[in-house]
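Here are the chains, one letter per residue:
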Amino acid sequence: MESGAGSGLRIGVIGCGTISATYMRNARLFAGVEMRACADISADMAAQRAAEYGLTAMSVDTLLADPEIDLILNLTVPNMHFDISQSALAAGKHVFTEKPLASTFAEGKRLVEEAQRRGLRIGSAPDTFLGAAGRRARKLVDDGAIGRPVSGTAFMFGRGMEHWHPNPQFFYQPGGGPVLDMGPYYLTMLVNLLGPVRSVVALTTRGREERLITAEGPFKNKMFPVETPTTALSLLEFESGALVNFGASWDVYRHSNHPIELHGTEGSLRLPDPDTFGGTVSLSSAGADWADFDSETAPYGAHNWPHAAPDRANYRMLGVAELARAIAEGRPARAEGELALHVLEIMEAILHSGETRSSVNLSTRIERPSALGEDEARSFLA
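Numbering of residues starts from 1 in every chain and runs along the sequence as written. Two thresholds apply to this predicted model, a pLDDT of at least 70 for residue-level local features and 80 or more for giving and counting side-chain atom pairs, whereas whole-chain, interface and lining totals are computed over all residues. Derived side-chain values reflect all non-hydrogen atoms in the structure, with water molecules and hydrogen atoms excluded from consideration.

> Can you help me understand the overall build of the protein in this one?
Numbering of helices and strands starts at the N terminus; helices are DSSP runs of H or I of at least 4 residues and strands are runs of E of at least 2. A count of helical and extended segments in the protein gives ten helices and 17 strands. Note that the radius of gyration is over C-alpha atoms, with the globule rule given as 2.2 Å times the number of residues to the power 0.38. Its C-alpha atoms give the protein a radius of gyration of 20 Å, within 12% of the compact-globule value 21 Å for 382 residues. Dimensions of the protein along its principal axes, counting C-alpha atoms only, are 55 × 50 × 45 Å. Counting over 382 residues, the protein shows a buried share of 55%. Throughout, a contact is declared for two residues whenever any of their heavy atoms are within 4.5 Å. Counting only contacts in the protein whose residues sit at least 6 apart along the sequence, the fraction spanning at least 24 positions is 71%. With residues, only the protein chains shown are counted as cover, and all accessible areas are computed by Shrake-Rupley using a 1.4 Å probe. A total of about 15,700 Å² of accessible surface is found on the protein, and carbon and sulfur atoms cover 51% of it. Positive charges are assigned to Lys and Arg, negative charges to Asp and Glu, while His and the chain termini are left out of the count. In this description, the location of a charge corresponds to atom NZ of lysine, CZ of arginine, CG of aspartate or CD of glutamate. Across the protein, the mean location of the 35 positive side-chain charges is 1 Å away from that of the 46 negative side-chain charges. Residue exposure (1.4 Å probe, protein chains only): buried if accessible area is under 20% of the type maximum, exposed if over 50%, otherwise partly exposed.

The structure is reproduced here in structure tokens:
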């Protein structure tokens, strides 16, 4: 059986789709976690993943009831996150779920409260902010390299999913869309750097009422309806006073916006795509030329994905390993449910503001996750 260190937090995966292969492959890199079993609504898919990664395939109910499993890694589709996580907590298991925490803020709040009531932990992706680039940016901000952050931009622009995904319809239903699908990466990184958001104002629209699937597969050349906004432009007011323009769109063919830029009283900072763990962070001190900080030699910065020809860093499982350490040490985890709940409230506020054309004040108040140092980051490796 493949595992992080042969012992530790015993993990069962529910949801054996495409993303599960990355988690299963990466599990062997980390100490303190042991991936044991997997389950899926498709028994064939669970059997395939089990054979590939040396796991035991089970039914979902059997996995939830297994006393040898400590944590459920929930990799189901987004509209199943609440049901599976709730069932796992009811079974006495810790949970780490793919993003978003749930489809709605109300559901996410119920999960966090249920975990607290039962004395269990719930964590959530994304954990990319713990990667090499995120750590470098956090240290520069904390060290005052840009002074007091004043403003910034964060843009996730692209064409959408139907040109590469064989079954993209669920991305365009309520609970999907670019804000809920990709927003967690950008917003979690921003909260990690700047702290919590106080209020949101936004406008939203749909570029097309129907979309054509051009990806190879059973639905190629089929039209399907768009039932959620595909472009959202928002202004985020942080508790610190910083203002950031966040845009998310699947109606853009080509653009030149940097993923994240922050501007402060002493300089400016550029960050790479927060959907990856590495990349180059650039600093301009008081208007000087950009100084680049590459991350390939830092923990979780080296290129390792796609596996056949790596061109980026993808260390999904880092958040699970950090959660396992937090449980063992009796401290808060960095990718804890409260952070994911705050991000979920931000995203829901963006969509609600876009619908109502009104400003939305957030109800959740959290602290920034504690900074992850280089030695501690390295210590998670097996």
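> Would you take a moment to explain the sheet that holds strand E1 (residues 9–14) for this structure?
Across a sheet, paired strands are connected by hydrogen bonds in the backbone, their directions being either parallel or antiparallel. Strand order in this open sheet of six strands is E3-E2-E1-E4-E5-E6, and the pairing throughout is parallel. At either end of the open sheet lies a strand with only one pairing partner, and these are strand E3 (56–58) and strand E6 (122–124). Pairs of neighbouring strands in the sheet enclose a mean axial angle of 25 degrees, with direction left out of account. At least two bridges found by DSSP between two strands is the condition for calling them paired. Pairing of strand E2 (residues 33–39) with E3, which is carried by three bridges, proceeds in the parallel orientation. Looking across to E3, one finds that Ala37 is bridged to Thr56. Lines are fitted to the C-alpha atoms to define the axes, a helix being fitted only along its stretch in contact, and any angle between axes, read from their N-to-C directions, falls within 0 to 180 degrees. Against the sheet, helix H1 (residues 18–27) contacts E1, E2, strand E4 (71–74) and strand E5 (94–97), and its axis sits at roughly 150 degrees relative to E2.

> What is the right way to look at the environment of Phe293 in this model?
When you line up the elements, Phe293 lands in strand E16 (residues 291–293). C-alpha separation for the pair Phe293 and Val281, spaced twelve residues apart in sequence, amounts to 5.1 Å. Those residues in contact with Phe293, other than ones at most four positions away along the chain, are Arg136, Leu140, Gly279, Thr280, Val281 and Leu283.

> Is there a simple way to explain the packing of aromatic side chains in this structure?
The description of an aromatic ring pair uses the distance of the two centres, along with the angle that the planes make with each other. Pairing of aromatic rings covers Phe, Tyr and Trp, the last counted by its six-membered ring, and requires centre-to-centre distances within 6.5 Å; plane angles under 30 degrees mean stacked, over 60 mean edge-to-face, and any other angle means tilted. Across all of its chains, the model carries nine aromatic pairs by this definition. Seen from their ring centres, Phe30 and Tyr300 are 5.8 Å apart, and the 20 degrees between their planes marks the pair as stacked. Of the two residues, Phe30 sits in the loop between H1 and E2 while Tyr300 sits in the loop between E16 and helix H8 (318–329), which places them 270 residues apart along the sequence. Of the two residues, Phe30 and Tyr300, both sit in the buried class. Following the ring pairs from residue to residue traces out a cluster consisting of Phe170, Phe171, Tyr172, Phe224 and Trp250. Should the NZ of a Lys or the CZ of an Arg lie within 6 Å of a ring centre and within 35 degrees of the ring normal, that charge is described as sitting over the ring. The positively charged end of Arg270 is found above the aromatic ring belonging to Trp290, 4.1 Å away from the centroid.

> Please clarify how the packing of helix H7 (residues 177–194) against helix H9 (residues 337–356) should be interpreted in this entry.
Look at H7 against H9: their axes get within 9 Å of each other, and the N-to-C directions meet at 125 degrees. Here H7 lies oblique to H9, going by the angle between them. The chirality of how H7 crosses H9 is right-handed. When H7 is examined against H9, the residues Val179, Leu180, Gly183, Pro184, Leu187, Thr188 and Val191 are found in contact with a partner set consisting of Leu339, His342, Val343, Leu344, Ile346, Met347, Ile350 and Leu351. Grouping the constituent residues of the contact of H7 with H9 by class yields twelve nonpolar, three polar and no charged. To sort the angles, those under 35 degrees are grouped as roughly parallel, those over 145 as roughly antiparallel, those from 65 to 115 as roughly perpendicular, and the leftovers as oblique. By convention the crossing between two helices is left-handed if the near helix lies anticlockwise of the far one by an angle smaller than a right angle, and right-handed if it lies clockwise. Three classes are used, and their members are as follows: Ala, Val, Leu, Ile, Met, Phe, Trp, Tyr, Cys and Pro are nonpolar, Asp, Glu, Lys and Arg are charged, and the others, Gly among them, are polar.

> Quick question: what am I supposed to make of the side chain of Ser282 here?
Tracing the chain through its elements places Ser282 in strand E15 (residues 281–285). Residues contacting Ser282, with those up to four places away along its chain left out, are Ser268, Leu269, Arg270, Trp290, Ala291 and Asp292.

> How should the pattern of salt bridges be read in this particular structure?
Between side chains of opposite charge, a pair can form when the charged atoms approach closely. Think of a salt bridge as a Lys or Arg side-chain nitrogen and an Asp or Glu carboxyl oxygen that are within 4 Å of each other. Under the defined criterion, the tally for this structure stands at 29 salt bridges. Across the salt bridge formed by Glu322 and Arg334, the nearest N and O atoms sit 2.9 Å from each other. Placement of Glu322 in helix H8 and of Arg334 in the loop between H8 and H9 is noted, with a sequence separation of twelve residues between them. We classify Arg334 as buried; its relative accessible area is 6%. With a closest N to O distance of 3.0 Å, Glu376 and Arg334 form a salt bridge. Placement of Glu376 in helix H10 (residues 374–379) and of Arg334 in the loop between H8 and H9 is noted, with a sequence separation of 42 residues between them.

> In this structure, what is going on with the pairing of strand E8 (residues 197–205)? I would like to understand it.
Of the pairings in the sheet, the one linking E8 to strand E11 (residues 231–238) comprises eight bridges and is antiparallel in character. Counterpart to Ala202 in the pairing with E11 is Ser234.

> What am I meant to see in a nonpolar patch on the surface here?
Patch members must show over 30% relative accessible area and no salt bridge, and they are joined within 9 Å when carrying like charges or within 5 Å when they are nonpolar side chains of Val, Leu, Ile, Met, Phe, Trp or Tyr. Together, Val201, Leu235 and Leu243 line one region of the surface with nonpolar side chains, adding up to about 220 Å² of accessible area. Checked against the element boundaries, Val201 lands in strand E8. Overall, the relative accessible area of 38% leaves Val201 in the partly exposed class.

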